[in-house]
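So the chains spell out like this:
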Amino acid sequence: MTRTTKDKRGISGGISRRSLLKTGAAAAGLAAGSGAITGFPTIWAQNPITLRQFGTGVSNLNAIAEKCKEDLGITLEMTATDSDAAAQRAVTQPDSYDIADIEYWIAKKVFPAGVLQPMDVSRLTYFDKIVPLFITGKLTPDSVIAQGTAPHTVGFVEGPDSTTFAKAPTGWLTMVPTIYNADTLGIRPDLVGRPITTWADIMDPAFRGKTSILNIPSIGIMDAAMIMEASGELTYADKGNMTRAEIDKTIDFLIAAKRAGQFRAFWKSFDESVNLMASGEVIIQSMWSPAVAAVRSRGIPCVYQPLKEGYRAWGGGIGLAKHLSGAKLDAAYEYINWYLSGWVGAYLNRQGYYSAAMETAKKHMSDDEWGFWVEGKPAKGDILAPDGKVMEKAGAVRDGGSFEERMGKVACWNSVMDEDRYMVRRWNEFIAA
Amino acid sequence: MAIAVEQPAASPARPAGARLVSVLGRLAAYLQAAPLALILGVFLLAPILMIVAVSFWDYDFARLYPDFVLTNYAETLGSWVTWRTYLNTLKYAAIVWALTLFIGFWVAYFIAFHVRTATMQTVLFLVCTVPFLTSNIIRMISWIPVLGRNGLVNATLIEMGLVSAPVEWLLYSDFAVVLAMVHLYTLFMVTPIFNTLMRIDRALIEAARDAGANGCQVLWNVVLPLAKPGMAIGTIFVVTLVMADFITVQVMSGGQSASVALMMRNQMSLLQYPAAAANAVVLLVLVLLMVAGILRVVDIRKEL
Amino acid sequence: MAGERRSVTFWILAVFFGLFLVFLYGPLSAILILSFQGPSGGLTFPLNGVSLHWFRNLTEQQAVGDFGGSFRRSFTLGLMVMVVTVVVSLLAGLAFRRRFVGATPLFYLAVASLVVPSIIISLGIGVMFQQVGIRPSWYGSAFGAHLTWTLPFGVLIMFAVFNRFSPAYEEAARDLGASPWQTFRHVLLPMIAPMLVGVGLFGFTLSYDEFARSLMTAGTYNTLPLEIYGMTTNVTTPVLYALGTVTTLFSFLVISLTLGIIVWLGRRRARG
């Protein structure tokens, strides 16, 4: 599926389709946004600039680097790591990158460490196109702000040299969102044998030894919190920022479940979650939507199951290294503006993630693609993966529905808690139990 | 010869002209040892001192503060989780050690004493070595399709009618962790034991036989005592590798078992470096004590 | 020890050895088989068709990561580590034949280097470089980190070699009027050359495979093991296994080459 590799044929096919779209868009003479697609200065070709970007493989896609070279002349060197290593590299080796691609929850720690510099909003051409979720925390003006480290809470700082997060939007943005999504339980409909409606279902004794949650402490405990709340054990003031007493209760609950043999394994990476599911080791677990698609692409039934409590959301973003200045900094801004201008967004949307500026991405997607991926409509034709393979047949409908339905029902965001020291200690206890 | 530190100068007193040579020689010794000392000083001693220093630092949500506080140690040593995790890691170390020692000894013994030609010995030894030269990570994850619920072993067992439902504890269990570790680390036992066995003077064994000892007695009274240094060196390797392991434990237990290094990793993942450093110092002291204990039993400098 | 006919012990041990080999190679063969998965196959059994798809795929650009670049880096790093390990271990081995102040502490430092958990060294070097303000890189900090792992092996092997090395040859050469350099070059070196090749092989493969020590020291660019690990977090295709198969073949090649060199050195010595 998405993150599988692509063969040459697919790439060239994709390019022709994209250029077609591009000309289409230009011909339509659409507003400012599309004009800029071809309007990027190509001075970088004469004055070669290399930007080093690192981050998890989820968004560090070579295709983006290729297209960036083609459009901007900027060489983008991508290094993929696992999410742990990404956070650590961000903090301990700030000289080793120009662009950091990290998750929002860890940004709460990385940014105050002073290794990144905020972006001047006035230099971001598409700032006003960024989904409001990342600016105000509300998808629509009347939605409720979710619990946890919501991206907007770590989205802005007070000034160009500040490392304190601002309460309200300012002119200094910490990170530009890359991808985000809402996680829920993934299930094997052929093996669970009953409808799944709530996070609490993962604790059903019938699934003993066939369940899994995430093994990254700060995220795993959120899964647990969703489960706890769903089964009526505890109501949290803020799942993403528990008190010690809440942490204690949650971990004790997890320990009890572990002792009872409820879990088969804990997954830490995308592929582990896919393999656990595809090999039948696990039949119900917390999962990413593209991971569900990856299982399905093997011909194994798998459903991304919307639940009544809502989703646990996560997001990543790119930030500028502190040491960037001069031409490199200019190039970095150029890159970020290009990133938001639509092509990348469309590419990421097609993988089942959501992108920062949906409006610009739309122009780079066919109506059918947009309808399927974002609006939750049945696909009119086959939906193709970037490598040209059929991902979903005509008529398929995306699990969880439209963008608004998914991201509008976020119960909490991945978080790091103020009590994270205590939390990790207790988490280690859970693993040791 | 053993190293010079152990022995008085190898040759008897020489005429005066040779004294200059010996002074030059001594100077040469320093020059020759310098690169090793330099590299280990910069990349081993200094980083460890750094870790020790950091373990006393204070930290908050996002930053480290150079300081001298004992809270990191208090938190590490004062928690039963730490003790339990150490115990669990030691358990792995003990089991893996026993298994690798057993397997390693018999494999080495077979190659050294039962294979007749030197060529064949070399070939068999290399056959044992090859897998150890491929990526550890790949070797580890290669167990997953073998042991899984629908893996090779379970498929075979069910096919043969030996079990009716897949055996669950093959993967994501302590069993899987130990199995993978034995798989990863046995060579570290085979090589030193093989090395010592090859150096046993065959005349000793003949002599023992002539004195009327049977196979078992020869093994027990001659071969085993002489193989001890190799076993000790192998033990050092295996124990330290297991004590420091995090990735095998995490992958093979499906994240359900703890090890000391994994605990450190969890702290590092939330950038709590001073806590991880304190843990590292404790682990380091423990490992060095264990090794020192082994070295008291065997002087590896003589026995290499 | 057995007579003309193989003893029962031999057969028992032979079976044991055989089982050990099955244990060693079993999972590897699982990888081997799975690397021939059909284009829509996954990382686990059963096979979903048979093809060379994933080997072809390996040579193409991946959606994420860069096998080629990381392989080149690991290979270069392995060679660098190999050369330095051979030279420094040889020198240290020579040094330890004489008495010098600090020999014992240095020896134990080398042993300590072997037993200090990799992750601690990795963390320490990473933090130290950061504090000092040097940029970590695979050819700098990671290079040093790898040396702390390969050098003790090299030193211990050289130690073992010189422990059993009779000084009589050198004395004879000296008595015949050879300069120290000539003695070294024409007497000592040819005798220990095969062991040096062995040290080199050790140095190369230990470095080529090292994961934990590179983890926090590699800087901007990934080495191959880091890349593989990074890939396992995203790649869900048997291309990983194809890589495993290829690296195993590569190891076979390196070993055969080493063996060839040792045999060749032996022949040359025998002739000379």
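Values in this document were obtained by computation on a predicted structure and should not be read as measured data.

**Focus on the overall build of chain B**
Secondary structure assignment for chain B yields 14 helices and 2 strands. Relative to the compact-globule value of 19 Å for 304 residues, chain B shows a C-alpha radius of gyration of 25 Å, a clear excess of over 25%. Referenced to the eigenvectors of the C-alpha coordinate spread, the extents of chain B come out at roughly 70 × 65 × 30 Å. Per-residue burial for chain B yields a buried fraction of 48% across its 304 residues.

**Overview of the interface of chain B and chain C**
Across the boundary between the two partners, chain B contributes 74 residues, which contact 79 residues of chain C. Among the elements that make up the side of chain B that touches chain C, the one with the highest residue count is helix α1 (residues 16–55) of chain B (20 residues). For the side of chain B that touches chain C, the residue count by class is 58 nonpolar, 13 polar and 3 charged.

**Here we look at the UniProt feature "transmembrane region" (unreviewed entry) in chain C**
Residues and elements named next belong to chain C. Residues annotated by UniProt as "transmembrane region" (unreviewed entry) correspond here to residues 12–36, 75–94, 106–129, 149–166, 187–208 and 239–265. In residues 149–166, helix accounts for 83% and strand for 0%; the two terminal C-alpha atoms are 29 Å from one another. In the segment residues 187–208, helix accounts for 100% and strand for 0%; the C-alpha atoms at its two ends are 32 Å apart.

**Observations regarding the interface of chain A and chain B**
Between chain A and chain B, the contact holds 29 residues from the first and 25 residues from the second. At the level of secondary structure, the elements contributing two or more residues to the side of chain A that touches chain B comprise α5 (83–92), α8 (217–230), β10 (263–267) and α17 (420–432) of chain A. Broken down by element, the residue count for the side of chain A that touches chain B peaks at 9 residues, all from α17(A). Split into classes, the residues belonging to the side of chain A that touches chain B amount to 13 nonpolar, 7 polar and 9 charged.

**Describing the UniProt feature "domain: ABC transmembrane type-1" (unreviewed entry) in chain B**
Per the UniProt record, "domain: ABC transmembrane type-1" (unreviewed entry) is found at residues 86–294 of chain B. As annotated, residues 86–294 of chain B comprises 77% helix and 0% strand, and the C-alpha atoms at either end are separated by 19 Å.

**Details of helix α10 (residues 215–243) of chain B**
With 29 residues, α10(B) should reach 42 Å at 1.5 Å per residue; the first-to-last C-alpha distance of 36 Å falls well below that figure. Bending of α10(B) peaks at approximately 45° at the position of B:K228, with proline B:P229 no more than four residues after it.

**Let's talk about the environment of C:I120**
Note on placement: C:I120 falls in helix α5 (residues 118–132). Among the residues examined, C:I120 registers 25 C-beta atoms within 10 Å and is labelled buried. Taking the C-alpha atoms as reference points, C:I120 and C:D66, 54 residues apart in sequence, are found 28 Å from one another. Non-local contacts of C:I120, meaning those with residues more than four positions away in its chain, are made with B:I51, B:A280 and B:L284.

**Describing the UniProt feature "transmembrane region" (unreviewed entry) in chain B**
Under the UniProt annotation, the feature "transmembrane region" (unreviewed entry) is placed at residues 36–57, 92–111, 123–144, 169–194 and 273–298 of chain B. Between the end C-alpha atoms of residues 92–111 of chain B there is a gap of 28 Å, over a span that is 100% helix and 0% strand.

**Structural notes on the pairing of strand β1 (residues 49–56) of chain A**
All names here are of chain A. Most of β1 sits inside the fold, with 6 of its 8 residues counted as buried. Inspection of the sheet shows β1 paired to strand β2 (residues 74–81) by 8 bridges, in the parallel sense. Bridged to F54 within β2 is T79. At this point the chain moves from β1, through helix α4 (residues 62–72), to the parallel β2, and the crossover so formed is right-handed.

Conventions we followed
- The written sequence of each chain sets the order in which its residues are numbered from 1.
- Chains and ligands are labelled sequentially in the order written, the chains with letters from A and the ligands with numbers from 1.
- With pLDDT at 70 or above as the cut-off, local features in this predicted model cover only qualifying residues; side-chain atom pairs require 80 or more to be listed or tallied, and sums for whole chains, interfaces and linings still use all residues.
- In DSSP terms, a helix is any run of H or I states spanning at least four residues, a strand is any run of E spanning at least two, and both are numbered starting from the N terminus.
- Put simply, the radius of gyration uses C-alpha atoms, and a globule should come to 2.2 Å times the residue count raised to 0.38.
- Three classes are used. A residue is buried when 20 or more other C-beta atoms lie within 10 Å of its own, exposed when 12 or fewer do, and partly exposed in between, with C-beta atoms placed from the backbone.
- It is the C-beta atoms, placed from the backbone, that decide contacts: two residues are in contact if theirs lie within 7 Å.
- Amino acids outside the nonpolar list (Ala, Val, Leu, Ile, Met, Phe, Trp, Tyr, Cys, Pro) and the charged list (Asp, Glu, Lys, Arg) are all regarded as polar, and Gly is one of them.
- UniProt positions are given in the numbering used here, feature names are shortened, and annotations may be inferred rather than shown by experiment.
- To estimate how far a helix should reach, multiply one less than its number of residues by 1.5 Å.
- The bend reported for a residue corresponds to the angle between axes fitted to the seven residues ending at that residue and the seven starting there.
- Following DSSP output, two strands are said to pair if at least two bridges run between them.
- Handedness is read with the strands pointing away from the viewer; a crossover is right-handed when the path from the first strand over the helix to the second is clockwise.

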